[in-house]
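So you can see what is in the structure, the chains are spelled out below.
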Amino acid sequence: MEEDLSLFSIDFDDANVIFDITDASTIVTSIYDLLPEDDNRQILTCFKEHFLQGRRLDSLDEEHFLTGGDGQVSDLIVNRSEHLLSDTLIAFSRWDYNPRLPIRVKFIGEFSEDFGGPRREFLDLAVTEAMERFFVDGAPKPGSLPNGVFRSIGILLAQTIIQGGPNPKLSAETVYNLATEECDGNAAMEELVSGFKMCGLIQLIAARPSIRYLLMGNTTNLTVAKFWSIVTIKFTDENKARERQVIRMFNMYMQNVCNKPREVGTRVLTMGSILRFFTGVSSIPLTGFSPKPSIEFIREADYLPQSTTCLNLLKLPLWNNTVNQMTPFAAMDHAFSTTAFGNP
């Protein structure tokens, strides 16, 4: 059941916060000369590398994933199915919330360690819900909201940009208002600006105005060609011929999805569903993936595709090439329509 956020307000204790807008401004000023001039993604990457503290944001490789990583994090414990957004907005309003720390997500009742995958999955879920409930065509919905709600939403949208979540796809007008801080008495925009400033993005736009174009919603849908441009296939010498057949079948499946989204029960599968299954996020983050998404192969007995979202790793079974083509399609339908993605 969707929670009515009009029933509560969010109070910020600005007098006792451990990190404030002045701190974010100081960081941007200190790295001004290090920021590239005309490569927007590199500008954002450079800012992210200097803004974030604590544990490394993403797993470097399988060894790093298995051994874990040292450093501080900002723990966020949420229920996947109920009140995810409201609990998130309240967490971002706490006096001790530090936007410079990587978010470490724990989904209540699920066994997982967050080294990137659960965080991306959480951001995908929370941002999607926030944009659907509080925005129209990338702009805040008209009308008032409880005090503080849009400031927390601003922090959420800023963190999805910094910490590898989906592009919030804001309207050109909203991005312009963020960049210029021209709110014209619009309380929601004023709070949104405040949230973005907490995370240093308004200050970054002032330093490098061109990055505002990254925040607009003019990104294209994920295509099969774009998918293959970001994914590496890890063939083996002993099974390369069979693995190529599996990749051909998987490619045919994606072409099918692109031509017409597949309906599985009450769910509609898109290319975003496939990407989300093994990365946790349904669109390519503004600064790309780390590590680079890849595909490996597993024994035939494991008939369903599997994934390790912290490593952006998709594992495809070596389906017997004598079986009917629709059987592997059904296996992929089942896997890619799940709500918990692989082994995070």
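What this report covers is the structure whose coordinates are included nearby. None of the values given here were measured: they were computed from a predicted structure.

**Considering the overall build of the protein chain**
Per the secondary structure count, the protein chain includes 13 helices and ten strands. The buried share among the 344 residues of the protein chain stands at 52%. Looking at the protein chain as shown, the accessible area adds up to about 16000 Å², and 48% of this sits on carbon and sulfur atoms.

**Considering the sheet that holds strand β9 (residues 306-308)**
As summarised here, the arrangement of the four strands in space is β5-β8-β10-β9, forming an open sheet in which the pairing is mixed. At either end of the open sheet lies a strand with only one pairing partner, and these are β5 (232-233) and β9. Contacts from helix α12 (residues 271-279) reach β8 (294-298), β9 and β10 (313-317), with the element oriented near 55 degrees to β9.

**Description of the pattern of salt bridges**
Applying the stated criterion across every chain, the model contains ten salt bridges. Salt-bridge contacts for R80 lead to E121; the nearest nitrogen and oxygen are separated by 2.2 Å. Of this pair, R80 sits in the loop between β1 (74-78) and α4 (84-91) while E121 is found in helix α5 (residues 117-134), placing the two residues 41 residues apart along the sequence. The residue D124 makes a salt bridge to R276 at a minimum N-O spacing of 3.3 Å.

**Some remarks on the packing of aromatic side chains**
Summed over all chains, the structure comprises 14 aromatic pairs. When the ring of W228 is compared with that of F250, the centres are 6.0 Å apart and the planes differ by 90 degrees; the resulting orientation is edge-to-face. Placement of the pair is W228 in helix α10 (residues 224-230) and F250 in helix α11 (residues 240-259), with a sequence separation of 22 residues. Of the residues examined, F250 reaches a relative accessible area of 0% and is grouped as buried. With a centroid separation of 5.9 Å and 20 degrees between ring planes, the pair formed by F235 and F297 is classed as stacked. Within this pair, whereas F235 is found in the loop between β5 and α11, its partner F297 is found in strand β8, the two being separated by 62 residues in sequence. Among the residues examined, F235 registers a relative accessible area of 28% and is labelled partly exposed. Taken together, F227, W228, F250, Y253, F277, F278, F329 and F336 form an aromatic cluster joined through their ring pairs. It is R208 that lies over the ring of Y32; its NZ or CZ is 4.6 Å from the centre. Lying over the aromatic face of F235, R244 brings its terminal NZ or CZ to 4.8 Å of the ring centre.

**As for helix α6 (residues 149-162)**
An α-helical turn contains 3.6 residues, so any two residues separated by three or four positions project in the same direction. Here α6 is 14 residues long and its end C-alpha atoms lie 20 Å apart, about the 20 Å a rise of 1.5 Å per residue gives. A large share of α6 lies buried, amounting to 14 of its 14 residues. Positive backbone phi, at 85 degrees, marks G164, one or two positions downstream of α6.

**Concerning the packing of α4 against α5**
As a packed pair, α4 and α5 sit with axes 9 Å apart at the nearest point and diverge in direction by 100 degrees. Taken together, the axes of α4 and α5 are roughly perpendicular relative to one another. Contact residues: L84, L85 and T88 in α4; F122, L125, A126, E129, A130, R133 and F134 in α5. By residue class, the composition of the contact of α4 with α5 is seven nonpolar, one polar and two charged.

The rules behind each value
Numbers given to residues run from 1 along each chain, matching the order in which its sequence is written. Local features in a predicted model are, by the rule used here, given only for residues with pLDDT of at least 70; side-chain atom pairs are given and counted only at 80 or more, and totals for whole chains, interfaces and linings are based on all residues. To get the side-chain values, all heavy atoms of the structure are used, and hydrogens and water are removed first. By the criteria applied, helices consist of DSSP H or I runs no shorter than four residues and strands consist of E runs no shorter than two, each listed in order from the N terminus. Throughout, exposure labels follow a simple rule: accessible area from a 1.4 Å probe, protein chains only, divided by the maximum for the residue type, with under 20% read as buried, over 50% as exposed, and the rest as partly exposed. Here the accessible surface of atoms and residues is derived via Shrake-Rupley with a 1.4 Å probe, and residues count as covered only by protein chains that are part of the display. Strand pairing requires that DSSP identify at least two bridges connecting the strands. Two residues qualify as a contact provided that any one of their heavy atoms is within 4.5 Å of a heavy atom in the partner residue. Between the N-to-C directions of two axes lies an angle of 0 to 180 degrees, each axis being a line fitted to C-alpha atoms and, for a helix, fitted only over the stretch in contact. The rule for a salt bridge is simple: a side-chain nitrogen of Lys or Arg has to be within 4 Å of a carboxyl oxygen of Asp or Glu. Stacked, edge-to-face and tilted are the three classes for Phe, Tyr and Trp ring pairs, Trp counted by its six-membered ring, which pair at centre distances within 6.5 Å; planes under 30 degrees apart are stacked, over 60 edge-to-face, the rest tilted. Only when the NZ of Lys or the CZ of Arg is both within 6 Å of the ring centre and within 35 degrees of the ring normal is a charge said to sit over the ring. An expected span of 1.5 Å times one less than the residue number is assigned to each helix. In this scheme, roughly parallel covers angles under 35 degrees and roughly antiparallel covers those over 145, while 65 to 115 is roughly perpendicular and the rest are oblique. Ten residue types, Ala, Val, Leu, Ile, Met, Phe, Trp, Tyr, Cys and Pro, are classed as nonpolar, four, Asp, Glu, Lys and Arg, as charged, and the remainder, Gly among them, as polar.

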